Amino acid sequence: MRAATHPRTEGRSRRNARRESCGVPVPSDRGGQRWGYVMKGLMAEGAPKAHICLISAEKSLPYERPALSKGYLLGKLPSPEDGGFNCVSEDAYREHEVALRLHTRVTRVDLERKLVFTESVRFGELVSDIVGYRSLCIATGSSAIKLTCPGHDLKNVFYVRDADDVDALRAVATAGKKAVVIGGGYIGLEVSACLAILGLDVTLVARTGHLLPKLFTPELSKFFEDLWTAKGVKILKHTEVTSLSGDTAVSSLALSPSSSSSSSSPPPSTLPCDLVVAGLGAVPNTKLFQGKEGGELGGSGHTLELDPTTKAIVVDAHLRTRLEDVFAIGDVVSFPVEGLGGGRRVEGHVTHARASGLYTARSMLGKSGHTEPYAYLPLLYSRVDPWGLCWKFFGHNDGQLRLIGKVKSGDFSGFWLNGDEIRGGIHCTLKGESTAKEAFEILREVVEGGVALDETARSLFDECTSIQQVAEVLLNRKMHEA
C-alpha cells in the first residue's frame, strides 16, 4: 500500500486543537529523514499511541535522503512511496496510530498559543486546518541553492533534494546524452559518478581549483579527480557558468574562468549539453520562523532565535530552542559542538539527522535522567558502490594532514594534527565498504578519543604505515595508561 493512502493520512478533523507531540516539516522540506528519526525515537521510547502528529508537504513517508544520489539515482531502489528506503515502516506508523498529514503545507505557527496552521488539497478543494501541540519538533531541513544566471529556468535543469527531483532527472538521463554537473562538492561528485555509470557523457564544472575544497587538501582531491577522470568524467576546474541557452530546454552553457583561476588555459567558451544538474549547496528552511515574512509568531518572547549568518535556528546543548517546548533538529539548526574545540555548527549530514532526531525524541517525552548534552562527532561519508569506492571522515580538518598509506592506491588514511591534538581523520578504500569496517571504527575511536600525542607517541605515530598500526600505537597505549 502506498503511504499516501494510509488510513490516518487525512489527520484529525478541521480546527482540532488536541495537544499532541507534533513535528512540522514545511513545504520546502526535502525527504523528511530528520522527522523520520524523531518518529523512530518516539516509538522506541514508548510515546503514547494517538499522541503523535506528522505534518509534511511530501507525498511519502520520511525516507533516507542519501540514497537519492546513490542507489535511487542508479535505479537500484524502489521509490519512497513504495517503501524503498523509508526511515520507519508504514506498519509502525499504523501500530502507533500516528496522525499522518502528508501533502500538507504549514502556513503559520503560533508559538504563543501552540498552534500549527496548515493547508492541503482534498478532493480538489483547498482545506485549512489547525493542529495544537504540547511539544513541537521543527525538522524543516534545507533547500537547494538555485542557479540565478540567464537561462536558469529552462527545462532539463535539475537539483537533487527529494525523490521527485531524482525521478525527473532519471526520466531524461539516458545513455549517450551529454550531462553537465555544476559544483565540485558532495552532490556534484556523487551525481556525476552515477550519471557516468548510467552511460552518459558527463562533464563536471567546478569554480574552485580542487574538488570538495572545504574538506579535501589538494593532494587528496587529486586522487578523486584522477579516479573520476579514469571513469570517464571530464572535469573543468576554475570555471564559472555564466548562462544557459536553449529554446525550451537547455542545450548549451556559456563558461568563463572563475575568480580563482590563474591558468593560462581558459575553459571553452561554450559547452553543449542535454541536461544540467546543479549541486551548489543548501540553505536552512526557516522563513516560516522569520517574523512577519512567514506569519506572526505570537506575543513578546514567543519567537525563535536565528543565527544572523546562516539563518539556522539557534538551539542549546539539548537541541531546545529558547522556548521550553519547541525543539529543532537536523540541518535547520545551529547547535553547540561538545569537544574538539567547541563552537557552533550547522550540519547537513545524515548522521546528524539521525542522531539529533533520536536524541530529541527523549527530550520531547520528558524522559527522566535525560540530562546529557547532545554529543555529535562530525562525520562525512560517501560511496560509489559500482566503483568499490567508500570514504569516511570524522572530526575537523584543521591542522596539518598526515597521510598513511599510498593515496594513489585508493586505500589510505589520514589524520589532521593541530599541535599534539588529533583533530580529524579520513579513511578511503576502493575495495567496498564491507572491507573497511574495522578501519572506519578505528578512525572514529582515534578522533573521538581525544588522544594527545606526547613526544613518544608522536614518534611512534609518524612511523605508522597502516591504520591498524595507529590503533596499536594510540588506542592500546591509551588503554594501558588508563
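Residues numbered from 1 in each chain as written. Predicted model: local features only at pLDDT ≥ 70, side-chain atom pairs only at ≥ 80, totals over all residues. Heavy atoms only, no water.

Participant: Please clarify how the packing of aromatic side chains should be interpreted in this entry.
Facilitator: The relation between two aromatic rings is expressed through the spacing of the ring centres and the mutual angle of the planes. The tally for this structure, following the rule as stated, stands at 15 aromatic pairs. Centroid distance Y63 to F85: 5.5 Å. Interplanar angle 85 degrees. Geometry classified as edge-to-face. You can see Y63 sitting in the loop between β2 (52-55) and α2 (90-95) and its partner F85 sitting in the loop between β2 and α2, a full 22 residues away along the chain. Side by side, Y63 and F85 carry an identical accessibility label, which is buried. Ring pairs connect the aromatic residues F216, F223, F224, W228, W387, W391 and F412, which therefore count as one cluster. The ring of Y159 carries the charged tip of K146 above its face, separated from the ring centre by 5.0 Å. The ring of Y381 carries K392 above its face, with NZ or CZ at 5.9 Å from the centroid. (Phe/Tyr/Trp six-rings, centres within 6.5 Å; stacked < 30°, edge-to-face > 60°. Helix = DSSP H or I, 4+ residues; strand = E, 2+ residues; numbered from the N terminus. Buried < 20%, exposed > 50% of the residue type's maximum accessible area, 1.4 Å probe, protein only. Lys NZ or Arg CZ within 6 Å of the ring centre and 35° of its normal.)

Participant: Got a minute to help me understand empty space enclosed by the protein in this structure?
Facilitator: To locate leftover empty space, one rolls a probe as large as a water molecule over the atoms. Inspection of every chain in the model, using the stated rule, returns 2 cavities of 30 Å³ or more. Quantified by volume, the second largest cavity comes out at close to 40 Å³. Y186, L189, E190, L212, W228, S382 and W391 are the residues that line the second largest cavity. Looking at the lining of the second largest cavity element by element, the count peaks at 3 residues for helix α4 (residues 186-197). Partitioning the lining of the second largest cavity into residue classes produces 5 nonpolar, 1 polar and 1 charged. (1 Å grid on protein atoms, 1.4 Å probe; cavity = no way out; pocket = protein on both sides within 12 Å on 5 of 7 lines; lining within 4 Å. Points joined across faces, edges and corners; volume = space filled by probe spheres on them. Nonpolar A, V, L, I, M, F, W, Y, C, P; charged D, E, K, R; others polar.)

Participant: Looking at this structure, I do not really get the environment of V470. What am I missing?
Facilitator: Relative to the helices and strands, V470 resides in helix α9 (residues 467-481). Between the C-alpha atoms of V470 and L443, which are 27 residues apart in sequence, the distance is 9.0 Å.

Participant: What should I look at first to understand a nonpolar patch on the surface in this one?
Facilitator: A cluster of nonpolar residues, I145, L280 and V283, forms a patch on the protein surface that exposes about 200 Å² of accessible area. By secondary structure assignment, the location of L280 is in the loop between β15 (275-278) and β16 (282-284). Of the residues examined, L280 reaches a relative accessible area of 34% and is grouped as partly exposed. (Patch = residues over 30% accessible without salt bridge, like charges linked within 9 Å, V, L, I, M, F, W, Y side chains within 5 Å. Areas by Shrake-Rupley, 256 points an atom, 1.4 Å probe, with all protein chains shown as cover. Salt bridge = Lys/Arg side-chain N within 4 Å of Asp/Glu carboxyl O.)

Participant: I tried to follow the nonpolar core on my own but got confused; where do I start?
Facilitator: General note: in soluble globular proteins, nonpolar side chains tend to be found buried as a group. Within the largest apolar cluster, 73 residues are counted, with the highest numbers of intra-cluster contacts made by Y93, I313, F415 and L474. Of the residues forming this core, the biggest block, 6 residues, is contributed by α9. Counting residues in each nonpolar core, the second largest holds 49 residues, with L215, F216, L389 and W391 among its members. (Core = buried A, V, L, I, M, F, W, Y, C linked by side-chain atoms within 4.5 Å.)

Participant: Help me out: how do you make sense of α4 in this one?
Facilitator: The end-to-end C-alpha distance of α4, which contains 12 residues, comes to 17 Å, matching closely the 16 Å that a straight helix rising 1.5 Å per residue would cover. Among the 12 residues of α4, 9 are classified as buried, and the element is accordingly described as predominantly covered. Residues G188, L189, E190, V191, S192, A193, C194, L195 and A196 constitute the buried set of α4. Close packing links the buried residues of α4 with β9 (178-182), β10 (201-205), α5 (218-230), β15 and β21 (379-384). Positive backbone phi, approximately 95 degrees, marks G199, located one or two places after α4. (Expected span 1.5 Å × (residues − 1). Contact = heavy atoms within 4.5 Å.)

Participant: How should I be thinking about the sheet that holds strand β17 (residues 313-314) in this particular structure?
Facilitator: One key point about sheets: their strands pair by backbone hydrogen bonds, in either a parallel or an antiparallel sense. Sheet architecture is open: 3 strands sit in the order β17-β19-β20, paired in mixed fashion. Strand pairing shows two members of the sheet lacking a second neighbour, β17 and β20 (344-345), which therefore form its edges. Two elements, β17 and strand β19 (residues 333-336), share 2 bridges in a ladder whose sense is parallel. Within the sheet, the bridge partner assigned to V314 lies in β19 and is S334. (Pairing = 2+ DSSP bridges.)

Participant: Looking at this structure, how should I read the confidence of the model for the protein?
Facilitator: Interpreting fine coordinate detail is not advised for predicted regions of low pLDDT. Per-chain confidence: the protein averages 85 in pLDDT, with 87% of residues scoring 70 or above. Every residue in residues 292-300 scores below 50 in pLDDT, and together they form 20 contacts with partners more than four places removed in sequence or on other chains. (pLDDT = per-residue confidence, 0-100.)

Participant: Would you mind going over the layout of surface pockets with me for this structure?
Facilitator: Approximately 250 Å³ is the volume found for the second largest pocket. Surrounding the second largest pocket, 17 residues form its lining, A67, K70, G71, R383 and D385 being those nearest its centre. Of all the secondary structure elements, the ones that give two or more residues to the lining of the second largest pocket are α4 and β21. With 3 residues, the single largest contributor to the lining of the second largest pocket is β21. Of the residues belonging to the lining of the second largest pocket, the class tally is 8 nonpolar, 2 polar and 7 charged.

Participant: Quick question: what am I supposed to make of the sheet that holds strand β8 (residues 157-158) here?
Facilitator: Within the open sheet, the 5 strands sit side by side as β8-β15-β9-β10-β11. Their pairing is parallel. The open sheet terminates on both sides in strands that have one partner only, identified here as β8 and β11 (234-236).

Participant: Please explain unusual backbone geometry as it appears in this structure.
Facilitator: Trans is the prevailing form of peptide bonds, just as negative phi is the prevailing case for residues other than glycine. Within the chain, H103 stands out as a residue other than glycine whose phi angle is a positive 55 degrees. Mapped onto the fold, H103 is located in the loop between β3 (99-101) and β4 (104-110). Overall, the relative accessible area of 52% leaves H103 in the exposed class. A positive phi is found at K311, a non-glycine position, where the angle reads about 65 degrees. Here K311 lies in the loop between β16 and β17.

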